[in-house]
Each structure stands twice: as structure tokens, then as C-alpha cells.
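For reference, the chains in residue letters:
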Amino acid sequence: MAVGVAGYGLLSLFAPRLLEPSLDCSSRDALIDAYRTRFFLRMAFAESAALVGFVGFFLAGQWWLYPFGALFAAVGFIRLAPTRGNVARDQESLNLAGCGLDLVNVLTTRDD
């Protein structure tokens with residue numbers, strides 16, 4: 001059971017990178033939508049690692065499977081958090097793609 005939780009935990013850390021859309025810089029709204037979609041996809045995968053550990057606890061009766069799954073979830077949450085470094089990396093990839101939008105400005109200001 002622990003191998004299954006670990007396997008899924010690792011999958012939860014790497015699968016979002018393969019499935020998530022790239023940041024679309026064609027407009028402010030497209031960039032916001034792409035960032036939001038990517039964030040919630042990463043959140044779902046990270047959270048699911050803890051849920052798999054929780055199910056493992058019920059099936060195997062081993063209490064430590066839930067904290068083990070939660071460890072993978074915590075790593076996933078840290079990786080998805082909009083920290084200064086993560087946003088700077090996203091901005092750098094946008095700059096390299098020729099995007100003229102400022103990610104922080106787009107995400108923090110309303111366009112009413």
C-alpha cells in the first residue's frame with residue numbers, strides 16, 4: 001500500500017506539468033484564464049495525493065499512510081504557490097515567448 005501511495009504521490013508532482021496548458025499571452029483575459037486553469041489543475045493533483053493516503057489508511061489500517069500522502073500534497077502546494085520565485089519564473093517564460101504583459105499586474109488589477 002505504501003508503494004501505491006508513493007507512486008501516486010510522485011505522479012501527482014509530475015503529471016500536472018505534462019497536462020497543464022501553457023500561459024496564453026494573447027490577451028489579459030486569456031492569460032488570467034490560463035493561469036487560473038493551471039493553478040487549479042496543480043491544486044487538484046496535489047490534494048489528491050493526500051486523499052490517496054487517506055484511502056490507504058482505511059484500506060490497510062496503517063495510520064501513517066495519510067501523513068505520507070499529505071507529505072506529497074505539501075510539496076505540491078509549495079510548488080504551485082504564487083511565490084515571488086514562481087511568478088518570476090512564469091514572467092521570464094512569458095518574456096522569452098515575446099509577451100509584453102506583466103503577469104503580476106494582470107493578476108492583481110481589475111479590468112472593468
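Rules used throughout
Residues numbered from 1 in each chain as written. Predicted model: local features only at pLDDT ≥ 70, side-chain atom pairs only at ≥ 80, totals over all residues. Heavy atoms only, no water. 1 Å grid on protein atoms, 1.4 Å probe; cavity = no way out; pocket = protein on both sides within 12 Å on 5 of 7 lines; lining within 4 Å. Points joined across faces, edges and corners; volume = space filled by probe spheres on them. Helix = DSSP H or I, 4+ residues; strand = E, 2+ residues; numbered from the N terminus. Nonpolar A, V, L, I, M, F, W, Y, C, P; charged D, E, K, R; others polar. Axes fitted to C-alpha atoms, helices over the stretch in contact; angles between N-to-C directions. Parallel < 35°, antiparallel > 145°, perpendicular 65-115°, else oblique. Contact = heavy atoms within 4.5 Å. Expected span 1.5 Å × (residues − 1). Buried < 20%, exposed > 50% of the residue type's maximum accessible area, 1.4 Å probe, protein only. Arc of directions from axis to C-beta.

(A) Quick look at empty space enclosed by the protein. Counted according to the given criterion, the structure contains two cavities of 30 Å³ or more. Of the voids in this model, the largest cavity is the one considered here, and its volume is about 100 Å³. As for the largest cavity, its lining consists of Ser-12, Leu-13, Pro-16, Arg-17, Glu-20, Arg-42, Ala-46, Gly-76, Arg-79 and Leu-80. For the lining of the largest cavity, the secondary structure elements donating two or more residues are helix 1 (2–19), helix 2 (28–60) and helix 3 (65–80). Quantified by volume, the second largest cavity comes out at close to 60 Å³. At the level of secondary structure, the elements contributing two or more residues to the lining of the second largest cavity comprise helix 2 and helix 4 (84–96). The element that contributes the greatest number of residues to the lining of the second largest cavity is helix 2, accounting for four residues. When its residues are assigned to classes, the lining of the second largest cavity shows five nonpolar, one polar and three charged.

(B) Representation of the packing of helix 1 against helix 2 within the structure. The geometry of helix 1 relative to helix 2 is characterised by a closest axis approach of 9 Å and an angle of 175 degrees between their N-to-C directions. It follows that helix 1 is roughly antiparallel to helix 2 by the angle criterion. Across the interface between the two elements, Val-5, Tyr-8, Gly-9, Ser-12, Ala-15, Pro-16, Arg-17 and Leu-19 of helix 1 pack against Leu-41, Arg-42, Phe-45, Ser-48, Ala-49, Val-52 and Gly-53 of helix 2. Among the residues forming the contact of helix 1 with helix 2, the class breakdown is nine nonpolar, four polar and two charged.

(C) Up close: helix 3. Taking 1.5 Å per residue as the helical rise, helix 3 with its 16 residues ought to reach 22 Å, and the 23 Å between its terminal C-alpha atoms agrees with that figure. All buried positions along helix 3 are accounted for by Leu-65, Gly-69, Phe-72, Ala-73, Gly-76 and Leu-80. Projected down its long axis, helix 3 carries its buried residues within an arc of 100 degrees, all on one side. In this structure, helix 3 carries Leu-71 and Ile-78 as exposed residues pointing more than 90 degrees from its buried face.

(D) Summary view of the environment of Leu-23. Examined against the element boundaries, Leu-23 turns out to sit in the loop between helix 1 and helix 2. For the pair Leu-23 and Ser-93, spaced 70 residues apart in sequence, the C-alpha separation works out to 8.9 Å. Filtering out sequence-adjacent residues up to four positions away, Leu-23 remains in contact with Leu-31, Ala-34, Tyr-35, Arg-38, Asp-90 and Leu-94.

Note that all results are geometric; they support no functional claim without further evidence.
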